[in-house]
Each structure stands twice: as structure tokens, then as C-alpha cells.
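Architecture at a glance
Here is what each chain is made of, one letter per residue.
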Amino acid sequence: PYVGTLDPKTGSFTEWHINSVPGISDEILSLRDLTFDPDDNVWFPLRILSGDVMARFDVKTHQIATVPNYRSGQFITNGDGNVWVAHGTQCTRINPKTMMVEARWDWNKAPNKPADACCSYQGVIDKNGNGYMGVMNYVVALNAKTGNMKWVPVPTKWALPRRGVHDAIRRS
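For clarity, every value in this text was computed on a predicted model and none was experimentally measured.

All right, on to the overall build of the chain then. Of regular secondary structure, the chain possesses zero helices and 15 strands. The C-alpha atoms of the chain give a radius of gyration of 17 Å, which matches the 16 Å a tight globule of 172 residues would have. Seen along its three principal axes, the alpha-carbon backbone of the chain occupies a region of about 45 × 40 × 30 Å. Every one of the 172 residues in the chain was classed for burial, and the buried ones make up 42%. Nonlocal contacts in the chain, meaning residues at least 24 apart in sequence, comprise 36% of its contacts between residues at least 6 apart. As displayed, the chain offers around 9500 Å² of accessible surface, 51% of which is attributable to carbon and sulfur atoms. Of the charged side chains in the chain, 19 are positive and 16 negative; the average position of the first set lies 7 Å away from that of the second.

Structure representation (C-alpha cells):
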């Protein structure tokens, strides 16, 4: 797998081959969705034989590092300056400076979780750090300060909302 950059002024494209990562002995299979932190570093789930790990490509040093003791999943976004990940039944916030998990919410343990909700995917984070995550049959609105979750049913049964965005007036 490769990480590449395109210089829009010159039209030149540069690639870095990702054939090894410190601390990873498994074969590297591929990179998944990309997002950027406030310093323009590239973050992505790195697919390896034993599962995904969260990796950061430092655009200045061209080095890759992984978040310690964390198995990764799909990205949500970085709307509040942090890197957010949806994985299984969890929503996780990672500090891009320290590369440490700062908070983790498990929607499967929420007291108000509907019985037919399953299978999280991607979503969006607003500027206040509140998350909106696609889950089978619902969008889960996470209040990051209180940890409360609101379950908003989608009209189509067995639909899995994914890849959420905000528009210009911050509607999700």
C-alpha cells in the first residue's frame, strides 16, 4: 500500500510505500478510509492480517506510527480537531497530538438502545465534539459531554446510514 500526495500547483504526485510500520510484524494488506488532523497528518485504519490498527502518517517526517493498544475500525471524522472512529458498537475519540484514546462510548450498553439496532458504520462529528453515527435502522446522536445517546429511527427498515456530513448550516 501507498500514501500519496498531489501538489496542486505543480501537478506532481509523490508516493510513500508502506511496507513496514514500527511495532507491526504482520503483513500489511491495505489502507482504509483517510482523514486529516489539524496538522494535516493523514490518519487511516491500516489493514493487517490480525485486524486493523489506527495509523498516522506524519506529513513532515514521512513516518508512520500507530495508536498504542487500539484496534481500529471505520472513521467518523475529525470535526472537532480529534480523530474519531466507529468500530463495532463503540465510538472512540483519539487525541491526534498524544495518539492516545481519550474517550470511548459503547452504544450497545446504552440503557435506551433499541433492540433492533446493530452494526455501526461511519458518521460525522460537529464542532462541539458531538457525534452522529450510522447504526442499522438508526442514527445515534452522541452528546460527548454527558455520554447520552439519542436514537433517531430512519424511515427505511434495515437501512444502514453511512458517511454522514454536515452542510453549510451544520445540519447532519
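That shown, we press on.
So, about the pairing of strand 6 (residues 51–57). Across the seven residues that make up strand 6, a large majority, six, are buried. Connecting strand 5 (residues 42–48) to the next strand, strand 6, in antiparallel fashion are two residues. Two strands pair when backbone bridges link them, and strand 6 and strand 7 (residues 64–71) are joined in this way by four bridges, in the antiparallel orientation. From the neighbouring strand, Ala55 faces strand 7, where its bridge partner is Thr66. In this structure, the hairpin formed by strand 6 and strand 7 is closed by a connection of six residues, where His62 is found at a positive phi of approximately 65°.

This paragraph deals with unusual backbone geometry. Of note in this structure, Asn69 is not a glycine but carries a positive phi near 55°. Note on placement: Asn69 falls in strand 7. A residue is classified by how much of its surface remains accessible, and Asn69, at 83% relative accessible area, is exposed. With phi around 80°, Asn137 is a residue other than glycine that occupies positive phi space. By secondary structure assignment, the location of Asn137 is in the loop between strand 13 (131–135) and strand 14 (138–142).

On to the packing of aromatic side chains, then. In this structure the tally under the stated criterion is four aromatic pairs. Ring geometry for Trp16 against Phe57: centres 5.2 Å apart, planes inclined by 45°, an arrangement best described as tilted. You can see Trp16 sitting in strand 2 (residues 13–17) and its partner Phe57 sitting in strand 6, a full 41 residues away along the chain. Each member of the pair, Trp16 together with Phe57, is buried. Consider the rings of Trp84 and Trp105, whose centres lie 5.6 Å apart with planes at 5°: the pair is stacked. With Trp84 in strand 9 (residues 83–87) and Trp105 in strand 11 (residues 100–106), this residue pair connects regions lying 21 residues apart in the sequence. Judged by its relative accessible area of 0%, Trp84 falls in the buried class. Of note, Lys157 hangs over the ring of Trp158, and the distance from its end group to the ring centre comes to 5.0 Å.

A separate point is the side chain of Asp58. Counting through the fold element by element, Asp58 comes out in the loop between strand 6 and strand 7. Despite its burial, Asp58 pairs with no opposite charge, the nearest such side chain being Arg56 at 4.7 Å.

Another point: the nonpolar core. Judged by nonpolar contacts, the single largest core of 17 residues is most densely connected at Trp84, Trp105, Trp107, Val135, Met149 and Trp151. Tallying contributions element by element places strand 14 first for this core, with three residues. The residues contacting Trp151, other than those within four sequence positions of it, are Trp107, Ala110, Asn112, Lys113, Pro114, Ala117, Val135, Tyr138, Val139 and Val140. Membership of the second largest hydrophobic core comes to 14 residues, among which are Trp16, Ile28, Ile48 and Val53.

Rules and cut-offs
Residues numbered from 1 in each chain as written. Predicted model: local features only at pLDDT ≥ 70, side-chain atom pairs only at ≥ 80, totals over all residues. Heavy atoms only, no water. Helix = DSSP H or I, 4+ residues; strand = E, 2+ residues; numbered from the N terminus. Rg over C-alpha atoms; globule rule 2.2 N^0.38 Å. Buried < 20%, exposed > 50% of the residue type's maximum accessible area, 1.4 Å probe, protein only. Contact = heavy atoms within 4.5 Å. Areas by Shrake-Rupley, 256 points an atom, 1.4 Å probe, with all protein chains shown as cover. Lys, Arg positive; Asp, Glu negative; His and termini not counted. Charge placed at Lys NZ, Arg CZ, Asp CG, Glu CD. Pairing = 2+ DSSP bridges. Phe/Tyr/Trp six-rings, centres within 6.5 Å; stacked < 30°, edge-to-face > 60°. Lys NZ or Arg CZ within 6 Å of the ring centre and 35° of its normal. Salt bridge = Lys/Arg side-chain N within 4 Å of Asp/Glu carboxyl O. Core = buried A, V, L, I, M, F, W, Y, C linked by side-chain atoms within 4.5 Å.

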